[in-house]
Every structure is written in structure tokens, then in C-alpha cells.
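Close look at the chain arrangement
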Amino acid sequence: MTGLRVEELRTVLKTGTAVVRDVSFTVEPGEIVGLVGESGSGKTLTALSVAGLLPAAAEVTGGKVFLGNENLLELSERRRRAARGAGIAMIYQDPMTALNPLMTVGAQISEGLRAHGVSRTQARERTLEAIAEVRLPQPAVMARRYPHQLSGGQRQRMMIAGALAMRPAVLIADEPTTALDVTVQQQILALVDDLRRTHSLGVLWITHDLAVLAQLADRVLVMYAGRIVESASTVDLFESPRHPYTAALLASIPPATGIERPPLPQIGGVPPDLAALPAGCPFQPRCEHAEDRCSVVDPPLDSVAAAHEAACLVLPERWS
Ligand SMILES: Nc1ncnc2c1ncn2[C@@H]1O[C@H](COP(=O)(O)OP(=O)(O)OP(=O)(O)O)[C@@H](O)[C@H]1O
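A few points on the structure. Here the residue index of a chain counts from 1 through its sequence in written order. Totals for whole chains, interfaces and linings use all residues, but because this is a predicted model, local features are given only for residues with pLDDT of at least 70 and pairs of side-chain atoms are given and counted only at 80 or more. Side-chain numbers here rest on the full set of heavy atoms in the structure, without hydrogens or water.

1. Some points on the packing of helix α4 (residues 105–114) against helix α7 (residues 152–165)
Fitted lines through C-alpha atoms give the axes, limited to the stretch in contact for helices. The angle between two N-to-C directions lies from 0 to 180 degrees. For helices the rule is a DSSP run of H or I covering at least 4 residues; for strands it is a run of E covering at least 2, with both sets numbered from the N terminus onward. Where α4 meets α7, the axes come as close as 9 Å, and the angle between the chain directions of the two elements is 20°. Accordingly, the angle class assigned to the pair α4 and α7 is roughly parallel. Viewed along their axes, α4 and α7 form a crossing whose handedness is right-handed. Of α7, the residues touching α4 (which contributes Val 105, Ile 109 and Leu 113) are Met 158, Ala 161, Gly 162 and Ala 165. Gly is put with the polar residues, along with every residue not named as nonpolar or charged; the nonpolar set is Ala, Val, Leu, Ile, Met, Phe, Trp, Tyr, Cys and Pro, and the charged set is Asp, Glu, Lys and Arg. Class assignment for the residues of the contact of α4 with α7 results in six nonpolar, one polar and no charged. The cut-offs work like this: below 35 degrees is roughly parallel, past 145 is roughly antiparallel, 65 to 115 is roughly perpendicular, and the gaps in between are oblique. Each crossing gets its hand from how the near helix is turned against the far one by less than a right angle, where anticlockwise is left-handed and clockwise is right-handed. Note on contacts: a residue pair is in contact if any heavy atoms of the two residues lie within 4.5 Å.

2. With respect to helix α5 (residues 120–133)
The periodicity of an α-helix, 3.6 residues per turn, causes residues three or four places apart in sequence to face the same way. Taking 1.5 Å per residue, 14 residues should reach 20 Å; α5 reaches 20 Å between its end C-alpha atoms and fits that length. Considered for burial, the residues of α5 that qualify are Ala 123, Arg 126, Thr 127, Ala 130 and Ile 131. Projected down its long axis, α5 shows its buried positions confined to an angular sector of 135°, all on one face. When the buried face of α5 is taken as reference, the exposed residues oriented beyond 90 degrees from it are Thr 121 and Arg 124. Of the surrounding secondary structure, the elements contacted by the buried residues of α5 are α4, α6 (139–143) and α7. Looking one or two residues beyond α5, the residue adopting positive phi is Arg 135, at roughly 60°. Here, expected helix span is obtained from the residue count minus one, scaled by 1.5 Å. The buried label goes to any residue with under 20% of its type's maximum accessible area, the exposed label to any with over 50%, and the partly exposed label to all in between, with areas taken from a 1.4 Å probe on protein chains only. This arc is taken over the directions from the axis of the helix to the C-beta atoms.

3. Section: the site of the ligand
Taken together, 14 residues are adjacent to the ligand, and Ser 39, Gly 40, Lys 43, Thr 44 and Leu 45 come closest. Polar contacts, as counted here, are pairs of nitrogen or oxygen atoms within 3.5 Å of one another; within protein the pair requires one atom able to donate a hydrogen and one able to accept it, and residues that are adjacent in sequence qualify only if both atoms are side-chain atoms. Ser 41 places a main-chain nitrogen or oxygen 3.1 Å from an oxygen atom of the ligand. At 2.7 Å from an oxygen atom of the ligand is found a side-chain nitrogen or oxygen belonging to Thr 44. Looking at the shell around the ligand element by element, the count peaks at three residues for helix α1 (residues 43–51). A per-class count over the shell around the ligand returns six nonpolar, six polar and two charged. Throughout, near means a residue has at least one heavy atom within 4 Å of the molecule or strand.

4. Observations regarding the pattern of salt bridges
What makes a salt bridge here is a side-chain nitrogen of Lys or Arg within 4 Å of a carboxyl oxygen of Asp or Glu, nothing more. As enumerated under the stated definition, the model contains twelve salt bridges in all. Across the pair Arg 219 and Glu 31 runs a salt bridge, and its minimum N-O distance is 2.7 Å. Residue Arg 219 is located in strand β9 (residues 219–224), and its partner Glu 31 is located in the loop between β2 (18–27) and β3 (32–36); the two are separated by 188 residues in the primary sequence. A relative accessible area of 19% means that Arg 219 is categorised as buried. Residues Arg 197 and Asp 193 are paired through a salt bridge, measuring 3.1 Å at the closest nitrogen-oxygen approach.

5. Overview of the sheet that holds strand β5 (residues 70–71)
At least two bridges found by DSSP between two strands is the condition for calling them paired. If you trace the four strands from one edge of the open sheet to the other, you get β2-β1-β4-β5, paired in antiparallel fashion. The sheet is open, and its two borders are formed by β2 and β5, each paired with just one other strand. Two strands pair when backbone bridges link them, and strand β4 (residues 58–67) and β5 are joined in this way by two bridges, in the antiparallel orientation. Bridge pairing in β5 places Phe 66 opposite Asn 71. Running over the sheet, α1 touches β1 (4–13), β2 and β4 and is turned about 115° from β1.

6. Regarding the nonpolar core
Counting 87 residues, the largest nonpolar core has Leu 4, Phe 25, Val 50, Ile 88, Ile 160, Ile 172 and Trp 205 as the members making the most contacts within it. For this core, the element with the most residues is α7, which contributes seven residues. If we ignore the near neighbours within four places in the chain, the residues touching Ile 172 are Ala 47, Val 50, Ala 51, Ile 88, Ala 89, Met 90, Ile 91, Leu 204 and Ile 206. Residues belong to one nonpolar core when they are buried, are Ala, Val, Leu, Ile, Met, Phe, Trp, Tyr or Cys, and are joined through side-chain atoms within 4.5 Å.

7. Considering the packing of α5 against α7
Think of two packed helices as two axes; the pair is described by the angle between the axes and how far apart they sit. At a minimum axis distance of 8 Å, the contact between α5 and α7 shows a crossing angle of 130°. Viewed along their axes, α5 and α7 adopt a mutual orientation that is oblique. The handedness of the crossing between α5 and α7 is right-handed. On α7, the residues touching Arg 126, Ala 130, Ile 131 and Glu 133 of α5 are Met 158, Ala 161, Leu 164 and Ala 165. Per-class residue counts for the contact of α5 with α7 are six nonpolar, no polar and two charged.

8. Side note on the packing of aromatic side chains
Any pair of Phe, Tyr and Trp rings, taking the six-membered ring for Trp, is counted once the centres come within 6.5 Å. Such a pair is stacked with planes under 30 degrees apart, edge-to-face with planes over 60 apart, and tilted for the rest. Throughout the structure, instances matching the rule amount to three aromatic pairs. Consider the rings of Tyr 245 and Phe 283, whose centres lie 5.3 Å apart with planes at 65°: the pair is edge-to-face. Of the two residues, Tyr 245 sits in helix α11 (residues 244–251) while Phe 283 sits in the loop between α11 and β11 (302–305), which places them 38 residues apart along the sequence. The structure contains a cluster of three or more aromatic residues connected by ring pairs, namely Tyr 224, Tyr 245 and Phe 283. For Arg 5, the ring lying beneath its charged end belongs to Phe 66, and the centroid distance is 4.5 Å. For a lysine, the NZ atom is tested; for an arginine, the CZ atom; a charge sits over a ring if that atom is within 6 Å of the ring centre and within 35 degrees of the ring normal.

Treat this as a map of the structure, not an account of what it does.
Here you go:
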């Protein structure tokens, strides 16, 4: 199976502001990698850059996006579109943005496949297979429904079915469970966890919600001001965070009750304006542990332990 390797990805708005700043990470087959950060930290633009779906207001100006051995950023538009369908699929918070309200869901999944050269008969078969795979009952009946005839959870499953029908190597999920109630959210998380095992699907799961990642992700990337500031296995990140921003995110998770959805993280101070970043470390104005040098040096992402990287000059031993 094919993994995803992103190297030094840089995405800039037409205004000149860099919103994704030299981001590198990998997603191995069968692995779930979480990408977490506050609103505006650049998670969505990272995902759209990788999937080749950026809005006109932004463009990738540097870096590489390898799917297997192929750098997607070097492919022609036509080949990139083909690679995108079969290689990287994306699902969103609001399935209505991905689903056409005027077509039955089955027809749109089939149409997506037909656009990639799958025959009519095969497209129909694969559509029903994909709908069954996301555990919707009576696939043939479901396929004939319009999006508004489905519940929120069913629409979310249909969107996942549409993505899976393409048999992608990597699924990028941008806050896909945020709008769902907790029970349905749990069902979708269990489904994705199952699919990555049965299909060796690599998953990049974007969220505000570290509690979801505790349950789902093998590894977590923490994003701040367009950069990855910490990267570690989920266990290491929760047990020994090495960036004060990660520690603040963790401290903002209320004690787990198992049923309540935590609110958005509340961290003192405001997220930085990407168009006017402070000198030194971008988190330093909000950081409880900042030292004088932190307003001078913007630390690179460095190895701090095995398979654990952080971009901070102040070791936890010195955190007051
Ligand atoms: N289409 C766009 N045009 C102009 N600026 C944009 C556009 N999309 C995002 N931005 C800006 O780029 C920055 C990063 O946004 P992005 O949506 O990637 O953040 P995010 O971490 O996904 O936030 P959220 O959790 O709210 O979705 C923000 O400053 C945002 O205002």
C-alpha cells in the first residue's frame, strides 16, 4: 500500500501571507494521524494543499507531496486529478458541501467512479459495496435517496462511502464528526478505525478536539501559526507534552466523562495574526514558560525523544 509523505509544504495567500509554513509529516498505510490546533492555525489549508483542492485565494509555493514515489505537485493537472481520486480522498464537516442535493446519493457516487473510467455496471456494483461497507442498511434502497432524505449521521456515512468507493490510499477527514451528536460521532470513529484496518487506509484526521484523537489516532501533529510545533505518538503526547502549547491544549480538556464533548480549547491570549507574527517563537506572547531568548529565536522542530519532535527552546524541567 501507498503512504503519504509531505515535505516542507508551504502555502501562501494571494495577499502574501504564508499560512502553511514548511510543514512536513507522513501518514503510513493503516495509520491514523491526528492534526490538531486552534481555529486559524492552518489545518484546513494544509489538507486542501495536500489534496490539490486549494481555493483560488491560496497557492502552494514550495515543498513536495509524495503519494508513494510520485510527487503530486509535479504532475500535470490531469494526472493530478486522477491521482487525487484514487490516491487521496477528502471528507468534510458538512456533507452537504460535498453532496449534490439534486442527485440521489447512489448516482453521485457512481458518477465519481465513472469520471475515473470505471464502467457503468462496475460503478453500480462498487457504489453498493461502498454503501454496505459504511454499514448503512439496505444499500440499494439507500442509494436511491437524496441527501435531504438522510439523517446527519447517514449523510456523513454516505460521504465516507463516496470517498471509499474510489479506493483511496489516504483519507483526509476535516472535522467530520464535529456537527454530529456524541453517539453518532462514536459510531463514525469506530467505523473509520475499522476501515483503516481492513483497507490499510492511511488517515489524516483534522480536529480541534484532542479528546477525539486520544481515542482514534496513532500519532498526533500539533499545529500553531501555520507550523507543526509538536509531533509524537498519541501516548507520548498525552503523557509528556514537550511544547507549552500542547500542554495548554491538554489542560483545556475537561476531565473525561466519556459522554460529554469537550468545548473548544480555551487558552489565554489570542491566536496570532499570520500576517504580523511576533519576533521569535509565535507562541511566546501567550506562553507561561517563555524566557527572554524566546522573543528572539523561532525554534525549529527538533527531536526531543525517540519519534518525538517539538519546536521549543525551554525544556519541561524548566517549566515553572
Ligand atoms: N479561502 C481563503 N481565503 C483567504 N484566507 C483564508 C482562506 N481560507 C483560510 N484562510 C486563512 O488562512 C489561515 C488558516 O486557515 P485554516 O482554515 O487553514 O485554519 P484551520 O486551522 O483549519 O481553522 P478552522 O479550525 O477554523 O477550520 C487563517 O488565517 C484563515 O483566515
